[in-house]
Amino acid sequence: MATAEFGSHNWGMVVDVDKCIGCNACVIACQAENNIPLNSQDRVERARTISWIRVERYWEGDFPDAKARFIPIMCQHCENAPCEPVCPVYATYHNSEGMNVQVYNRCVGTRYCANGCPYIVRFFNYWEPVWPESLRNHLNPDVTVRSRGIMEKCSFCVHRIRRESRSARSAGTEIADGAVQTACSSACPTSALNFGNFNDPDSKVSKMKEDKRHYTLLDQFGTDPNVIYLAKIDADKKVGSGAAASHD
Amino acid sequence: MLVPVLAIGGLGVVAVMGVVAAFVITGWIGQPIPVLGFEQTFDQPIDFPHTVHASLKQLDHVPADGQAMEGLGLDCTFCHRTVTTQANAGVPPVGFCATCHQVIGADGNPQLDILRDAADIIGDDGPEPVNWQRVHRLPDHVRFVHEPHIRYLTANPSEVKNTTDGVATGPSGVCSTCHGNVAAMEQVEQVEPLKMGQCVDCHRDNGAPTDCVACHH
């Protein structure tokens, strides 16, 4: 059950793709929350941008019946993560709270993990991060600024989890369902992104993932992600689109 | 001819190796080399004596204008106000010192005049902050939070290490575990290594998280 003890949670996310309107608010919120360097034009051109969460847009159907579809993608915090065993220095590992963790100071920058990841959600710092003077004081003091040569990725806003855990212990209570919100989920205007504890059967995310629309990305690799997607409901189709069809 | 040169050369090599060894050993222990002047103290803009304010004992320190005195025995949390609730302990603003020092301490006391100038009580260049030098500083990749430590140690006094000359009850009694006897320091210095080993040892013994992400994120 949900207590504030370390290791008693299994954090995860349920993404209701049907609610995603592709507004990119999550991307901006994440960028600001986690001290992610600015993606200048130069970096975009070299395809070396950093963006812990991205909204992928794709088209379904042929013109004129084409439909725009959006799907937010972040680190899937896989139970069988392909990135973990390839790290020669144990800088990335699965912790007891169901998260795939990146220890920046342990990282030596081999980039094996990024090559191993099928979701392309790991990013390498090719440059020392710089911010314009006007943004220097906007950095989040709870999040380490990664230096050049370090791999980084979505942390499930672990600093927010630790903060809620501390205040729960200080108040002698448990972490209430919904008390921990990641930057992206709190910014999402349509509640497409939902964060919570899968170990608690009564939590919002545990109930949501029972929905028959649920599927995981690249299921065939057996990575067993902690991010569950709920498929798009299409009025014109009998079954939901995407991999959810295979669950019916 | 050859023999003395070799002897001197050999001596040089030994000397160089000795210096290297000294660096390696002190580096390993994690203590800078005091001979070279790397001490864990800093010259502060004001020689603020913790003894006078926090100790409960008779002091060696005699204020520039006063007589030998007993420490005031203020609670550490009186000045480090956020230590029981937040990550940072915080150092009080000048205005806070001025509540006492507007009247306490004779006019013309050089150290207190720096303070009064900063608080805009004397001089006419407006109020300005005091640029205190940070003594304890963990690397940027470590997140340290005071709140859980003060809470846990206050509730479990048996885990408290070192003694203090100041108030020994409540939150103020636990600071010595990591900061030593600050109440007896004219100038604050770091006495505990505060390296990862010390953190993790205590965490392991007290059921606190030892997962890397608790401290590194």
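Use the structure listed above.
Residues numbered from 1 in each chain as written. Chains lettered and ligands numbered in written order. Predicted model: local features only at pLDDT ≥ 70, side-chain atom pairs only at ≥ 80, totals over all residues. Heavy atoms only, no water.

A tally of helices and strands in chain A yields 6 helices and 10 strands. Taking 2.2 N^0.38 as the reference for a compact globule, 248 residues should give roughly 18 Å; the C-alpha atoms of chain A span a radius of gyration of 18 Å, in line with that estimate. Each principal axis of the C-alpha atoms in chain A carries an extent, and together these give about 50 × 50 × 40 Å. Per-residue burial over chain A gives 49% buried out of 248 residues. At a minimum sequence separation of 6, the contacts of chain A that also span at least 24 residues come to 65%. (Helix = DSSP H or I, 4+ residues; strand = E, 2+ residues; numbered from the N terminus. Rg over C-alpha atoms; globule rule 2.2 N^0.38 Å. Buried < 20%, exposed > 50% of the residue type's maximum accessible area, 1.4 Å probe, protein only. Contact = heavy atoms within 4.5 Å.)

Attention now goes to the interface of chain B and chain A. Chain B puts 13 residues into the contact, and the matching count from chain A is 18 residues. When residues of chain B are sorted by the area they lose upon contact with chain A, Asp211, Val213 and His217 of chain B head the list and together hold 35% of the total. Where chain B touches chain A, the interface holds 0 salt bridges. Counting every contact that joins chain B to chain A gives 8 residue pairs in polar contact (both at pLDDT 80 or more). Where the side of chain B that touches chain A is concerned, the elements lending two or more residues are helix H6 (146–155) and helix H9 (212–215) of chain B. At 3 residues, H6 of chain B tops the list of elements feeding residues into the side of chain B that touches chain A. Grouping the constituent residues of the side of chain B that touches chain A by class yields 5 nonpolar, 3 polar and 5 charged. (Buried area = accessible area lost by both parts, 1.4 Å probe. Salt bridge = Lys/Arg side-chain N within 4 Å of Asp/Glu carboxyl O. Polar contact = N/O pair within 3.5 Å; in protein donor to acceptor, adjacent residues only side chain to side chain. Nonpolar A, V, L, I, M, F, W, Y, C, P; charged D, E, K, R; others polar.)

The next thing to look at is the environment of Ile175 of chain A. Residue and element names in this part refer to chain A. Tracing the backbone shows Ile175 in the loop between helix H4 (158–171) and helix H5 (183–187). Its relative accessible area of 8% is what places Ile175 among the buried residues. When the C-alpha positions of Ile175 and Asn24 are compared, they lie 29 Å apart, and in sequence the two are 151 residues distant.

A word on the side chain of Thr51 of chain B. Among the structural elements, Thr51 of chain B can be located in helix H2 (residues 50–54). Each residue touching Thr51 of chain B, except ones within four places of it in the same chain, is listed here: Leu59, His61, Gly71, Ala183, Ala184, Met185 and Glu186 of chain B.

The side chains of a regular strand alternate, first on one face of the sheet and then on the other. Residue and element names in this part refer to chain A. Most of strand S1 (residues 11–16) is tucked away: 6 of the 6 residues are buried. Residues Trp11, Met13 and Val15 of S1 are buried on one face, and the alternating residues Gly12, Val14 and Asp16, pointing to the opposite face, are buried as well. Relative to strand S8 (residues 193–197), S1 runs antiparallel, the two sharing 5 bridges. When the bridges of S8 are listed, Trp11 appears paired with Asn197. (Pairing = 2+ DSSP bridges.)

For the rest of this paragraph, the subject is the pairing of strand S10 (residues 227–230) of chain A. Residues and elements named next belong to chain A. A two-sided burial pattern is seen for S10, the buried positions comprising Val227 and Tyr229 on one face and Ile228 and Leu230 on the other. Judged from the 4 bridges that link them, S1 and S10 form a sheet pairing that is parallel. Considered in S10, the bridge of Asp16 is made with Leu230. Looking at chain direction, strand S9 (residues 214–215) and S10 are connected through 2 bridges and run antiparallel. Each bridged residue has a counterpart across the sheet, and for His214 the counterpart in S10 is Leu230.

Right, let's talk about the nonpolar core for a bit. Membership of the largest hydrophobic core comes to 55 residues, with the highest contact counts inside it found for Met13, Met74, Leu193 and Tyr229 of chain A. When contributions to this core are tallied by element, the ones reaching two or more residues are S1, helix H1 (25–33), strand S3 (67–73), strand S6 (123–124), H4, S8 and S10 of chain A. Not counting residues up to four positions away in its chain, the partners in contact with Met13 of chain A are Met74, Phe156, Thr182, Cys184, Leu193, Asn194, Phe195, Phe198, Asn226, Val227 and Ile228 of chain A. Grouped together as the second largest cluster of nonpolar side chains are 7 residues, Ile46, Leu112, Leu115 and Ala118 of chain B included. (Core = buried A, V, L, I, M, F, W, Y, C linked by side-chain atoms within 4.5 Å.)

Glancing now at the pattern of salt bridges. All chains considered together, the criterion is met by 15 salt bridges over all chains. A salt bridge links Asp113 of chain B to Arg116 of chain B, with the nearest nitrogen and oxygen atoms 3.5 Å apart. With Asp113 of chain B and Arg116 of chain B both in helix H5 (residues 110–118) and 3 residues apart, this pair spans about one turn of that helix. Given the relative accessible area of 21%, Asp113 of chain B is considered partly exposed. Via salt bridges that share partners, Asp16, Asp211 and Arg213 of chain A belong to a single interconnected network.

Residues and elements named next belong to chain A. Going through the model one piece at a time under the given rule, you end up with 8 aromatic pairs over all chains. Taking the centre distance of 6.0 Å and the plane angle of 15° together, the rings of Tyr90 and Tyr93 count as stacked. Assessed through its relative accessible area of 58%, Tyr90 is described here as exposed. Judged by centre distance (5.0 Å) and plane angle (80°), the rings of Phe124 and Tyr126 are edge-to-face. Here Phe124 falls in the buried class, since its relative accessible area comes to 14%. Its end group placed over the ring of Phe124, Arg111 keeps NZ or CZ at 4.7 Å from the ring centre. (Phe/Tyr/Trp six-rings, centres within 6.5 Å; stacked < 30°, edge-to-face > 60°. Lys NZ or Arg CZ within 6 Å of the ring centre and 35° of its normal.)

For Pro139 of chain B, the position within the fold is in the loop between H5 and H6. On the basis of relative accessible area, Pro139 of chain B is assigned to the partly exposed category, the value being 43%.

The strand order across the open sheet built from 4 strands is S8-S1-S10-S9 (chain A), with neighbouring strands paired in mixed fashion. Looking at the sheet topology across the chains shown, the edges are occupied by S8 and S9 of chain A.

All names here are of chain B. With their axes 9 Å apart at the nearest point, helix H4 (residues 94–101) and H5 run at an angle of 120° to one another. As far as their axial angle goes, H5 and H4 are oblique. When the axes of H4 and H5 are compared, the crossing they make is left-handed. Contacts between H4 and H5 involve Val94, Cys97 and His101 on the former and, on the latter, Leu112, Leu115, Arg116 and Ala118. Here the contact of H4 with H5 is composed, by residue class, of 5 nonpolar, 1 polar and 1 charged. (Axes fitted to C-alpha atoms, helices over the stretch in contact; angles between N-to-C directions. Parallel < 35°, antiparallel > 145°, perpendicular 65-115°, else oblique. Left-handed = near helix turned anticlockwise from the far one by under 90°.)

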